[in-house]
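Topology and contacts: notes
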Amino acid sequence: MADVLVSYYSRSGATELLARRLAEQLNADLEPIRPKVAYNGGGGALKAVWHALLKRTPALEPGRDPAAYRLLVVAGPVWAGRLSAPMRAYLRGPGQRAKALAAVWVSGSGQPYGGVGGEIQSLCGRPLVASASFAEAEVRKGEADARLAPVVEAVGGQVPA
Ligand SMILES: Cc1cc2nc3c(=O)[nH]c(=O)nc-3n(C[C@H](O)[C@H](O)[C@H](O)COP(=O)(O)O)c2cc1C
């Protein structure tokens, strides 16, 4: 078993690409966050906005125990300028058991969305070991490595040459 767990939620695949890259560089275990609520399709997108604005925490399928790892990295998309609901549910639930936490988030615009980092930090109640925001386009083009490097270094992984 690895000593770092990367848990991610991805509705349309961008965060999954980033989380896979991160897990590779950290030699980490990788696991999707699986809400019991479906967010796919047009109706799902509306529900996603609604749940983000209302700060809903959907029920999640069970997964690995973050307490079994030295550090947890949580990854997810920005919805309506906020934390996506499955990411919030994970941080309020299993993520509470993490010994240390880092986080990355992906948005269409690539704005920093400092409020997302702030909410993650207040949910986990302590400073993040590392955090970074990414634009969907840079992730899909495979151009996220340079900005991923400080996160990988802070967590203690292998930055690609
Ligand atoms: C419901 C919803 C709300 C979104 N809100 C924002 C937003 O406020 N700002 C932004 O830049 N991108 C927004 N996006 C775009 C996503 O953050 C972006 O497409 C992200 O890469 C999706 O990640 P994923 O493919 O892992 O699901 C939104 C997307 C959805 C589905």
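Located above this text is the structure these notes cover.
Below, the structure is looked at part by part. A quick note: this is a predicted structure, and the numbers were derived from the prediction, not measured. Along every chain, residues carry numbers that run from 1 in the direction the sequence is written. Only residues with pLDDT of 70 or above have their local features reported here, since the model is predicted, and side-chain atom pairs are shown and tallied only from 80 upward, although totals for entire chains, interfaces and linings are computed over all residues. Hydrogens and water molecules were not included; the side-chain quantities draw on all heavy atoms of the structure.

1. Describing the environment of Lys99
Put simply, the rule reads: Helix and strand definitions here come from DSSP, where helices need a minimum of 4 consecutive H or I residues and strands a minimum of 2 consecutive E residues; each element is numbered from the N-terminal end. Any two residues having at least one pair of non-hydrogen atoms within 4.5 Å are treated as being in contact. Any N or O atom pair separated by 3.5 Å or less is treated as a polar contact, with the protein-specific requirement of one donor-capable and one acceptor-capable atom, and with residues adjacent in sequence counted only for side-chain atom pairs.
By the secondary structure assignment, Lys99 is in the loop between helix H3 (85-92) and strand E5 (101-107). Sequence-wise, Lys99 and Tyr69 are 30 residues apart; in three dimensions their C-alpha atoms are separated by 7.3 Å. In contact with Lys99, not counting residues within four places along its chain, are Ala67, Tyr69, Arg70 and Arg126. Here Ala67 takes part through its backbone oxygen, which lies 3.0 Å from a polar atom of the side chain of Lys99.

2. What about the layout of surface pockets?
Here is the rule we go by: For each structure, a 1 Å grid was placed over the protein atoms alone; sets of points admitting a 1.4 Å probe that cannot get out are labelled cavities, open sets with protein on both sides within 12 Å along at least five of seven lines are labelled pockets, and lining residues have an atom within 4 Å of a point. Grid points are joined across faces, edges and corners, and a volume is the space filled by probe spheres set on the points. Following the grouping adopted for this structure description, the nonpolar residues are Ala, Val, Leu, Ile, Met, Phe, Trp, Tyr, Cys and Pro, the charged ones are Asp, Glu, Lys and Arg, and the polar ones are all others, Gly among them.
Size it by volume and the largest pocket reaches roughly 180 Å³. Taken together, 13 residues line the largest pocket, and the ones lying closest to its centre are Ser12, Pro77, Val78, Val106 and Glu136. Going through the elements one at a time, helix H1 (14-26), strand E3 (71-79) and E5 are the ones with two or more residues in the lining of the largest pocket. For the lining of the largest pocket, the class distribution of residues is five nonpolar, six polar and two charged.

3. Comments concerning the packing of H1 against helix H6 (residues 145-155)
Basically, it comes down to this: Orientation is described by axes fitted as lines to C-alpha atoms, over the contacting stretch for helices, and by angles from 0 to 180 degrees between their N-to-C directions. Any angle that is under 35 degrees is reported as roughly parallel, and any over 145 degrees as roughly antiparallel; angles of 65 to 115 degrees are reported as roughly perpendicular and all others as oblique. When the near helix sits turned anticlockwise from the far one by under a right angle, the crossing is termed left-handed; a clockwise turn instead gives a right-handed crossing.
Closest axis-to-axis distance for the H1/H6 pair is 10 Å, and the angle between their directions is 45 degrees. Comparing their axes, H6 and H1 come out oblique. Note on packing geometry: the crossing formed by H1 with H6 is right-handed. Contacts between H1 and H6 involve Leu18, Arg21, Leu22, Gln25 and Leu26 from the former and Asp145, Leu148, Val151, Val152 and Val155 from the latter. Looking at side-chain class alone, the contact of H1 with H6 contains seven nonpolar, one polar and two charged residues.

4. Topic: the site of the ligand
For clarity, the cut-off: Here a residue is near a molecule or strand as soon as one of its heavy atoms is found within 4 Å of it. Surface accessibility follows the Shrake-Rupley procedure with a 1.4 Å probe radius. Residue values consider only the protein chains on display as shielding. Occupancy of a cavity or pocket is assigned to a molecule whenever over half of its atoms lie within 2 Å of that pocket's grid points.
Of all residues adjacent to the ligand, which total 21 residues, the nearest are Ser10, Ser12, Thr15, Tyr113 and Glu136. Measuring from a nitrogen atom of the ligand, one finds a backbone N or O atom of Ala80 at 2.9 Å. Contact between the ligand and Gly81: an oxygen atom at 2.8 Å from a main-chain N or O atom of the residue. Relative to its unbound accessible surface of 650 Å², the ligand loses 83% to contact with the protein. If you map the ligand onto the pockets, it falls in the largest pocket. For the shell around the ligand, the elements supplying multiple residues, two or more each, are H1, helix H2 (41-53), E3, E5 and helix H5 (136-140).

5. Considerations on the pattern of salt bridges
For the record, the criterion: Throughout this description, the term salt bridge denotes a Lys or Arg side-chain nitrogen within 4 Å of a carboxyl oxygen of Asp or Glu. Three exposure classes are used, based on accessible area relative to the maximum for each residue type with a 1.4 Å probe and protein chains only: buried under 20%, partly exposed in between, and exposed over 50%.
Taken as a whole and judged by the stated rule, the model has ten salt bridges. With a closest N to O distance of 2.9 Å, Asp3 and Arg70 form a salt bridge. Here Asp3 is found in the segment before strand E1 (4-8), whereas its partner Arg70 is found in the loop between H2 and E3, with 67 residues between them in sequence. Its relative accessible area of 39% is what places Asp3 among the partly exposed residues.

Nothing here speaks to function; it is geometry throughout.
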